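Listed below are the residues making up each chain.
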Amino acid sequence: MPSFRRGGAVLASIVLLGCAAAPARAGDPDALWKIIDGQCVAHQRQSGDPSPCTQLDARPEAGFAVLKDHVGVAQFLVIPTTRLTGIESPELLADGAPNYWAEAWPVAASVEERLHQTLARDQVALAINSAFGRTQNQLHIHVDCIRPEIRDALRQHLDVIGEQWAPLGVTLAGHPYWARRILGSTLGDNNPFKLLAEGLPDARQHMERQTLVLTGVSFADGGDGFVLLTDHADLASLDRASGEELQDHDCAIASR
């Protein structure tokens, strides 16, 4: 990944990217947190029902809620029940930090329930947007179907995706993603936030500019795993690093 430029150029890029993202930030950027803390958590304490959330794990410092998003036929959000702004929150990289991605992957079952059918591993994608590609300032992972053409592109390049970060070699949704593979049917201790921060130059210092996307795959040897993708916000191309762009909230792939 190209190194981030320093000094005034970086400041100018951040300011202009913020301006470019402004139309998407219309409304209350804390609305999602108000739903989770003010409704789901409060209702769980009062009655044992986390409505409007469909699931609530109330562990201190590691809890999360699952909420059906109003956008899409089967999109769900996985949201920490502690206040975390987004991908740039330093708590995500601390020793012993919860692996919210490992909690989010099984939520694919909720997507399947909405669609009334079983999906293959590579038909599902999880995504978190950068600070410049999101509308809410509470960390949330989107869980939904992957766009069919994205699944197809990854299948075509799966044999060249290794266990270290490298450019994918083709653009996805018009943007230059980097990719790496993760072995195993579940994430286990593999935390995508840490894999990004520890594996790419400058990523740790500029996490707010990064997006992450995770999708399941089956490798040629028959083993299951994942492909992890990242892109970073870039002023020159007006790329807001919104990995959600690789998802299809209409779930067209479910009909394939």
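Residues numbered from 1 in each chain as written. Predicted model: local features only at pLDDT ≥ 70, side-chain atom pairs only at ≥ 80, totals over all residues. Heavy atoms only, no water.

## Remarks on the overall build of the protein
On a plain count of helices and strands, the protein comes out with six helices and nine strands. Put simply, the protein has 256 residues, and 54% of those count as buried. In the protein, of all internal contacts separated by at least 6 residues, the share reaching a separation of at least 24 is 66%. When the accessible area of the protein is evaluated, it comes to approximately 11,300 Å², of which 52% is carbon and sulfur surface. (Helix = DSSP H or I, 4+ residues; strand = E, 2+ residues; numbered from the N terminus. Buried < 20%, exposed > 50% of the residue type's maximum accessible area, 1.4 Å probe, protein only. Contact = heavy atoms within 4.5 Å. Areas by Shrake-Rupley, 256 points an atom, 1.4 Å probe, with all protein chains shown as cover.)

## Some details on the nonpolar core
Considering soluble globular proteins, one finds that nonpolar side chains tend to be buried as a cluster. Counting 61 residues, the largest nonpolar core has W101, L126, L172, F193, L212 and L229 as the members making the most contacts within it. Counting residues per element, this core draws most heavily on strand β4 (residues 124-128), at five residues. Setting aside anything within four residues of it in sequence, one finds F193 in contact with I87, L92, L93, W101, I128, L139, M207 and L212. Membership of the second largest hydrophobic core comes to ten residues, among which are C40, L56, A65 and L77. (Core = buried A, V, L, I, M, F, W, Y, C linked by side-chain atoms within 4.5 Å.)

## Quick notes on the pairing of strand β2 (residues 64-68)
If a strand is regular, its side chains alternate between the two faces of the sheet. With five of five residues buried, β2 lies mostly within the body of the structure. In β2, alternate side chains face the same way, and those of F64, V66 and K68 on one face and A65 and L67 on the other are all buried. Looking at chain direction, strand β1 (residues 55-57) and β2 are connected through three bridges and run antiparallel. Looking at the pairing, L56 lines up with A65 of β2. Counting the residues that bridge the hairpin from β1 to β2 gives six residues, and of these E61 lies at a positive phi of roughly 65°. (Pairing = 2+ DSSP bridges.)

## Quick look at the pattern of salt bridges
With the rule as written, the count across this model stands at nine salt bridges. R134 serves as the salt-bridge partner of E88, at 2.8 Å between the closest nitrogen and oxygen. Taken together, the residues E88 in the loop between β3 (76-80) and α3 (100-104) and R134 in the loop between β4 and β5 (141-145) connect sequence positions 46 residues apart. The partly exposed category is assigned to E88, whose relative accessible area is 25%. For D152, the salt bridge is made with R151, and the minimal N-O distance between the two is 3.1 Å. Judged by its relative accessible area of 23%, D152 is partly exposed. (Salt bridge = Lys/Arg side-chain N within 4 Å of Asp/Glu carboxyl O.)

## Side note on the state of the cysteines
Inspection of the entire model under this criterion finds two disulfides. Through a disulfide, C40 is tied to C53; the S-S separation comes to 2.1 Å. Between C40 and C53, the S-S dihedral sits near 80°, and the bridge is therefore right-handed. Of the two residues, C40 is situated in helix α2 (residues 31-47) and C53 in the loop between α2 and β1; the sequence distance between them amounts to 13 residues. Judged by relative accessible area, which is 5%, C53 ranks as buried. Paired by a disulfide, C145 and C251 hold their sulfur atoms 2.2 Å apart. Disulfide C145 to C251: torsion about the S-S bond roughly 95°, handedness right-handed. With C145 in strand β5 and C251 in the segment after β9 (224-232), the pair connects residues that are 106 residues apart, well separated along the chain. (Disulfide = S-S within 2.5 Å.)

## Some thoughts on the layout of surface pockets
The computed volume of the largest pocket comes to approximately 380 Å³. The wall of the largest pocket is formed by 19 residues, among which D69, H70, L77, T135 and Q136 lie closest to the centre. For the lining of the largest pocket, the secondary-structure elements that each account for two or more residues are α2 and β2. Sorting elements by how many residues they give to the lining of the largest pocket places α2 first, with three residues. (1 Å grid on protein atoms, 1.4 Å probe; cavity = no way out; pocket = protein on both sides within 12 Å on 5 of 7 lines; lining within 4 Å. Points joined across faces, edges and corners; volume = space filled by probe spheres on them.)

## Quick look at the environment of P29
One can find P29 in the loop between α1 (8-21) and α2. Once the C-alpha coordinates of P29 and R134 are considered, the two residues, 105 residues apart in sequence, prove to be 9.1 Å apart. If near-sequence neighbours (up to four positions away) are discounted, P29 is found in contact with T135, Q136 and N137.

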